[in-house]
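If you want the building blocks of each chain, they are given just below.
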Amino acid sequence: MSAPASPFDWAPKLVSSFIDGAFVGEVGGYRIPTFYPGDGRIISELQEADALEVDRAVRSARRAFNDPAWRDMAVEARQSILYRIAETIEANALELATLETLNAGIVRRDVLGRQVLRAAYNFRFFAEAISQQPGQVWQQNKDYLTFVTRHPVGVAALIAPWNSPLALASMKVASAIAFGNTCVLKPSEQTPLSLARLVELINDITPPGVVNLVNGRGGVTGAALTEHPDIDLIAFTGGTETGRQIMQTAGRRLKPAAVELGGKSANIIFADADQERALDGALISIFSNNGQQCLAGSRILVEDSIFDDFVGRFVERAQKIRVGDPLDDATEIGPIASARHREHILSYVGVAQSQGASLLTGGHALDRPGYFVEPTAVLAPSNSDRVCQEEIFGPFAAFVKFRDMEDAIRMANESQFGLVGYCWTQNLDKALRVSQGVRTGLMWVNTPMVRELRAPFGGVKDSGLGRDGAAASMAFFTEEKTTTIPIADTTLRKFGV
Ligand code: NAD
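The rules behind these values
- Residues numbered from 1 in each chain as written.
- Predicted model: local features only at pLDDT ≥ 70, side-chain atom pairs only at ≥ 80, totals over all residues.
- Heavy atoms only, no water.
- UniProt positions renumbered as here; feature names shortened; annotations may be inferred.
- Helix = DSSP H or I, 4+ residues; strand = E, 2+ residues; numbered from the N terminus.
- Buried < 20%, exposed > 50% of the residue type's maximum accessible area, 1.4 Å probe, protein only.
- Contact = heavy atoms within 4.5 Å.
- Salt bridge = Lys/Arg side-chain N within 4 Å of Asp/Glu carboxyl O.
- Pairing = 2+ DSSP bridges.
- Arc of directions from axis to C-beta.

Asks: It is not clear to me how the UniProt feature "active site" (unreviewed entry) in the chain should be interpreted in this structure. Could you clarify?
Replies: As recorded in UniProt, the feature "active site" (unreviewed entry) lies at Glu-260. Position of Glu-260 relative to the elements: it lies in strand S12 (residues 257-260). Its relative accessible area of 10% is what places Glu-260 among the buried residues. Those residues within four positions of Glu-260 in sequence are excluded, and the remaining contacts are Lys-172, Phe-236, Thr-237, Gly-238, Phe-457, Ser-463 and Asp-468.

Asks: What exactly am I supposed to notice about the pattern of salt bridges here?
Replies: Pairing is possible between side chains of opposite charge, provided their charged atoms come close. Scanning the model with the defined rule gives 33 salt bridges in all. Salt-bridge contacts for Arg-109 lead to Asp-110; the nearest nitrogen and oxygen are separated by 3.2 Å. Sharing partners across several salt bridges, the network here consists of Glu-276, Asp-280, Arg-313 and Arg-317.

Asks: Would you mind going over the UniProt feature "domain: Aldehyde dehydrogenase" (unreviewed entry) in the chain with me for this structure?
Replies: Residues given the UniProt feature "domain: Aldehyde dehydrogenase" (unreviewed entry) here are residues 31-482. Secondary structure across residues 31-482 comprises 43% helix and 20% strand; the distance between its end C-alpha atoms is 48 Å.

Asks: I tried to follow the sheet that holds strand S1 (residues 14-15) on my own but got confused; where do I start?
Replies: Strands in a sheet are paired, the pairing made by backbone hydrogen bonds, and the direction either parallel or antiparallel. Here we have 3 strands laid out as an open sheet, ordered S1-S5-S4, and mixed in their pairing. One side of each edge strand has no neighbouring strand; the edge strands of this open sheet are S1 and strand S4 (31-35). Pairing of S4 with strand S5 (residues 42-47), which is carried by 5 bridges, proceeds in the antiparallel orientation. Considered in S5, the bridge of Pro-33 is made with Glu-45.

Asks: Looking at this structure, I do not really get unusual backbone geometry. What am I missing?
Replies: Glycine aside, residues mostly have negative phi angles, and peptide bonds mostly take the trans form. With a phi angle near 55°, Asn-289 is a residue other than glycine that sits in the positive phi range. Examined against the element boundaries, Asn-289 turns out to sit in the loop between helix H10 (275-287) and strand S14 (299-303). Unusually for a residue other than glycine, Lys-461 sits at a positive phi of about 50°. Owing to a relative accessible area of 27%, Lys-461 belongs among the partly exposed residues under this scheme.

Asks: What exactly am I supposed to notice about helix H16 (residues 470-477) here?
Replies: An α-helix turns once per 3.6 residues; consequently, residues spaced three or four apart project the same way. When we look at burial in H16, the residues that qualify are Ala-470, Ser-473, Met-474, Phe-476 and Phe-477. On an axial view of H16, the arc spanned by its buried residues comes to 165°, and they lie on one face.

Structural data, given as structure tokens:
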């Protein structure tokens, strides 16, 4: 589709569920307005799926799964579908990116240059991964051959958050369908637009029912989906408390669930680091994606001998960041995704100050329409302060000083979370000790946020259970079956002779 006169023309008036190859269309029921965080205007309306509509979506996914043409498809045919989806995402990059920006407030240049490419890559990656999975054969017992085959699990419930809908939901859809499952995706009720279009585009390529979409609030549509008796597995990304509820439901229903949850990751900067690179990395890891990312290096631990200098340079750069219109290519940070979330972020200025922290920079909303927050940093007296322990999920850095490596590792570990971590040093020994000593699912040394899809990704402690990645996703989205066959003359015991 060629670009319309105004980017807002890309937003549909109504977003409904997409079931069995088509949008459901207007059927009445509860509606939720969708906002453009850049100025607060309503750009679309979401029609919430109730339990009956969720049931239709699950039944559609079940029918598609039961069709051997999908479930038992040759790997080459499945690869070609995944490659075509990747190409379609790239061909529609501007539209998808614009919808993401209008809805989530992420700067469009970044969505085009990062998230849309990542969404396409997710499908391409799994296309390649499925043709390279080795199997297991056991032949130590000379009389029998035992081999293990893998089978798709069934109908997956995929639940996504609002902070990076395209990149995160596409990973779930790609890994679910690559291994032969079918799915029902539920985006966040705040950000349905880009994913509704993505699901429509995917359905031009996949058989109907393979990828379905339901929209609505977590407690209504999300709960109906996870509680549905015909769901076989649940992949969830979102907040820790919701993750606990999902795990309870999954436990009760005895369904596998993978939950990717919140973080409060430590970014450890040693005096012997390449200071300029560490500074760039610290700014990227707290301010990219408007600061709303699970991977944020939001607790910046700096060695005391460089503390004042490093913090001074960070503040100087933070004050020059261009905050503004996310559709403008010159913008570096766009608006916070919702008015409520902006208030949540700003409330932490008071929280920090009440515990003795000093405000280094920012701390206010911008005086303009939309949900903008200045890039903010505070100096926290202690790692146990709330600004160092709670996920703020915005452009809000908390600085703390450390004495030596042991002190840094101890502080990094003093957290309920354990998603990622960052470490900046030129000393290999220190880098290794920190990377092994900090209890987290992933550590980046001298680089921010390089996502290697071949390797496992996921959190420990309150940051989640389960992993994504080539082998990890295969383990989650397939079931193993062991088959044993005699390959020699084996005599059997005879009953009743
Ligand atoms: P959230 O938990 O409020 O919502 C996430 C999704 O779950 C939404 O689609 C929501 O509608 C749905 N949901 C809510 N209650 C539900 C219920 N009872 N049953 C089923 N579904 C329900 O999270 P959010 O505010 O949308 O996202 C922000 C959070 O996500 C942050 O904590 C962030 O750290 C986390 N996150 C984690 C990762 C990761 O990979 N670990 C990535 C991105 C975001």
